[in-house]
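Working through the structure, step by step
Here is what each chain is made of, one letter per residue.
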Amino acid sequence: MEDALSAATSIGRLGEDAVLARVLPRLAPGESALLGAGDDAAVVAAADGRFVVTTDLMVHGPDFRLAWSTPHELGWKAAATNLTDVAAMGARPTALTVAIAAPPELDVAVLEGIADGLREALASLAPGAGVVGGDLSVSTVLTLAVTAFGDLEGRTPVLRSGARVGDVLAHAGARGDAARGLALLFGEARDASGEPDASLAAELRRREPELLAAQLAPRPPVFAGVAAAAAGATAMLDVSDGLARDARRIAVASGVGLDFDTAALGADPRLALAGAEDHGLLATFPPGTALPAPFERIGRVVDGHGRLTLDGEPVEALGWDPYSGWDGRAG
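Residues numbered from 1 in each chain as written. Predicted model: local features only at pLDDT ≥ 70, side-chain atom pairs only at ≥ 80, totals over all residues. Heavy atoms only, no water.

1. Topic: the confidence of the model for the chain
Of the residues in the chain, 93% reach a pLDDT of 70 or more, and the chain-wide mean stands at 91. Predicted confidence is poor over residues 1-5, with pLDDT under 50, and the contacts of this stretch with residues over four places away or in other chains come to one contact. (pLDDT = per-residue confidence, 0-100. Contact = heavy atoms within 4.5 Å.)

2. Observations regarding a nonpolar patch on the surface
A grouping of Leu 34, Leu 35 and Val 43 is seen on the molecular surface, where their side chains present a nonpolar patch of about 270 Å² in accessible area. Within the secondary structure, Leu 35 sits in strand β1 (residues 33-35). For Leu 35, a relative accessible area of 36% puts it in the partly exposed group. (Patch = residues over 30% accessible without salt bridge, like charges linked within 9 Å, V, L, I, M, F, W, Y side chains within 5 Å. Areas by Shrake-Rupley, 256 points an atom, 1.4 Å probe, with all protein chains shown as cover. Salt bridge = Lys/Arg side-chain N within 4 Å of Asp/Glu carboxyl O. Helix = DSSP H or I, 4+ residues; strand = E, 2+ residues; numbered from the N terminus. Buried < 20%, exposed > 50% of the residue type's maximum accessible area, 1.4 Å probe, protein only.)

3. Observations concerning the packing of helix α6 (residues 177-188) against helix α8 (residues 209-216)
Direction vectors running N to C along α6 and α8 enclose 105°, while the axes themselves pass 7 Å from each other. Judged by the inter-axis angle, α6 sits roughly perpendicular to α8. Where α6 approaches α8, its residues Asp 177, Ala 178, Arg 180, Gly 181, Leu 182, Leu 184 and Leu 185 are matched on the opposing element by Leu 211, Leu 212, Ala 214, Gln 215 and Leu 216. Of the residues in the contact of α6 with α8, the class split is eight nonpolar, two polar and two charged. (Axes fitted to C-alpha atoms, helices over the stretch in contact; angles between N-to-C directions. Parallel < 35°, antiparallel > 145°, perpendicular 65-115°, else oblique. Nonpolar A, V, L, I, M, F, W, Y, C, P; charged D, E, K, R; others polar.)

4. Observations regarding the pattern of salt bridges
Taken as a whole and assessed by the stated rule, the structure comprises 20 salt bridges. Across the pair Asp 241 and Arg 249 runs a salt bridge whose closest N-O atoms are separated by 2.9 Å. Each of Arg 22, Arg 26, Glu 112, Asp 116, Arg 119 and Glu 120 takes part in salt bridges that share partners, so that together they form one network.

5. Some thoughts on the pairing of strand β6 (residues 143-151)
Most of β6 is tucked away: seven of the nine residues are buried. With eight bridges connecting them, strand β3 (residues 52-59) and β6 associate as antiparallel partners. When the bridges of β6 are listed, Val 59 appears paired with Thr 143. With nine bridges connecting them, strand β4 (residues 92-102) and β6 associate as antiparallel partners. Of the residues in β6, the one forming a bridge with Ile 100 is Leu 144. (Pairing = 2+ DSSP bridges.)

6. Considering the sheet that holds strand β9 (residues 257-260)
If you trace the seven strands from one edge of the open sheet to the other, you get β8-β10-β7-β11-β9-β12-β13, paired in mixed fashion. Looking at which strands have only one partner, the edges of the open sheet turn out to be β8 (235-239) and β13 (313-314). Of the strand pairs in this sheet, strand β7 (residues 168-172) and strand β10 (residues 280-285) are connected by five bridges, and their pairing is antiparallel. From the neighbouring strand, Ala 172 faces β10, where its bridge partner is Leu 281. Packing of helix α4 (residues 71-87) onto the sheet brings it into contact with β8 and β10, and relative to β8 it is tilted by some 175°. Running over the sheet, helix α10 (residues 243-254) touches β7, β8, β9, β10, β11 (296-302) and β12 (308-310) and is turned about 155° from β8.

7. What about the pairing of β10?
When you tally the buried positions in β10, you get six out of six residues, the bulk of the element. Judged by which residues are buried, β10 turns out to be covered on both faces: Gly 280, Leu 282 and Thr 284 on one side and Leu 281, Ala 283 and Phe 285 on the other are all buried. Two strands pair when backbone bridges link them, and β8 and β10 are joined in this way by five bridges, in the antiparallel orientation. In the sheet register, Leu 237 faces β10, and the bridge partner there is Leu 282.

8. Details of the environment of Leu 125
Tracing the backbone shows Leu 125 in helix α5 (residues 108-125). Once the C-alpha coordinates of Leu 125 and Arg 219 are considered, the two residues, 94 residues apart in sequence, prove to be 7.3 Å apart.

9. Observations regarding the side chain of Glu 112
Its place among the elements puts Glu 112 in helix α5. The exposure class of Glu 112 is buried, given its relative accessible area of 10%. When near neighbours in sequence (up to four residues on either side) are disregarded, Glu 112 contacts Arg 22, Val 23 and Arg 26.

10. Quick look at the packing of aromatic side chains
Under the criterion given, the structure shown has three aromatic pairs. Summarising the aromatic geometry, the rings of Phe 51 and Phe 149 are spaced 5.8 Å apart at their centres and angled 55° between planes, so their arrangement reads as tilted. Highlighted residues: Phe 51 in the loop between β2 (43-44) and β3 and Phe 149 in strand β6, separated in sequence by 98 residues. Measuring from centroid to centroid gives 5.4 Å for Phe 285 and Phe 295, while their planes differ by 75°, and the two rings are edge-to-face. (Phe/Tyr/Trp six-rings, centres within 6.5 Å; stacked < 30°, edge-to-face > 60°.)

11. Let's talk about the sheet that holds β6
In space, the four strands of this open sheet follow the order β3-β6-β4-β5, with mixed pairing throughout. One side of each edge strand has no neighbouring strand; the edge strands of this open sheet are β3 and β5 (130-138). Neighbour-to-neighbour, the strand axes of this sheet turn through a mean angle of 15°, independent of strand direction. Running over the sheet, α4 touches β3, β4 and β6 and is turned about 145° from β3. On top of the sheet, α5 reaches β4, β5 and β6; it is set at about 170° to β4, its chief contact.

12. Some points on empty space enclosed by the protein
For the structure on display, the rule yields two cavities of 30 Å³ or more. Within this model, the largest cavity holds a volume of roughly 60 Å³. In terms of lining, the largest cavity is formed by ten residues, of which the most central are Asp 63, Phe 64, Ser 69, Gln 215 and Leu 216. Per-class residue counts for the lining of the largest cavity are five nonpolar, two polar and three charged. Of the voids in this model, the second largest cavity is the one considered here, and its volume is about 40 Å³. If you trace the second largest cavity, you find it lined by His 171, Ala 174, Arg 175, Gly 176, Val 239, Leu 243, Ala 272, Gly 275 and Asp 278. By residue class, the composition of the lining of the second largest cavity is four nonpolar, three polar and two charged. (1 Å grid on protein atoms, 1.4 Å probe; cavity = no way out; pocket = protein on both sides within 12 Å on 5 of 7 lines; lining within 4 Å. Points joined across faces, edges and corners; volume = space filled by probe spheres on them.)

Following this line, the structure appears as structure tokens:
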């Protein structure tokens, strides 16, 4: 019975029009959409006269595994990872377009779950933003490509290149939780051959729901991007590849060094520096700035082009590299 149901609802059997008829009602265009999905392109208001745009890709294998992630979590994470890139520029997210390539035998319920995750992530993390269009295609590998747009609302964009010696280094969001969740999945949710196992992941989810959620459906402080820009942030970026690796990008772009404070990084400073995919925001602020919540001071900007230190001692730019292998380790 289950196989028959799956065959009847596979996206290949339903066809594009029927799939869209089931997926689009689950999405919302958002407040900035003048014309949402349904025509060849959407029309989105850009009252500022400018807009911020970014694109992120999620591919089954290197970026997620269906044995570990629910469709809802995939949609949520696809939204979250793009929203923080917009927020890191000091912009308010306004709209997403979503393209999905999937095997034709995939059950349409997976796409419906992804749509639900997208909608609910937007409602929670970026109220007012919505999905205004996208595309469907076929592939042997499930792939999601999301493009996000944002409104600067008259503000100057916050770049990576604006940090100055003497600035305060601050961070908003979790530090290392997503890496802990991924380590648990690799350590306890694989079968004897090393492949991701859905039943083991389900048991782990019951025991460690918060850490798995940090990896599979992160809740980054998207709202903090606008707050940081309003407070005068001199540089900012989304921490997706690890605090140290992404911090070095600010250091190189700004021609400065960054010195982390061990006491501010928690019980495991190395994991806080190397752990990836928390999608927090790292920013620098002029000295004396009252840091907007939930930013916390974690260091300072010092001399030394591209140099990273921990309490004055050199530290490696550890973190996630998509070309270094997908094995649950940072660095």
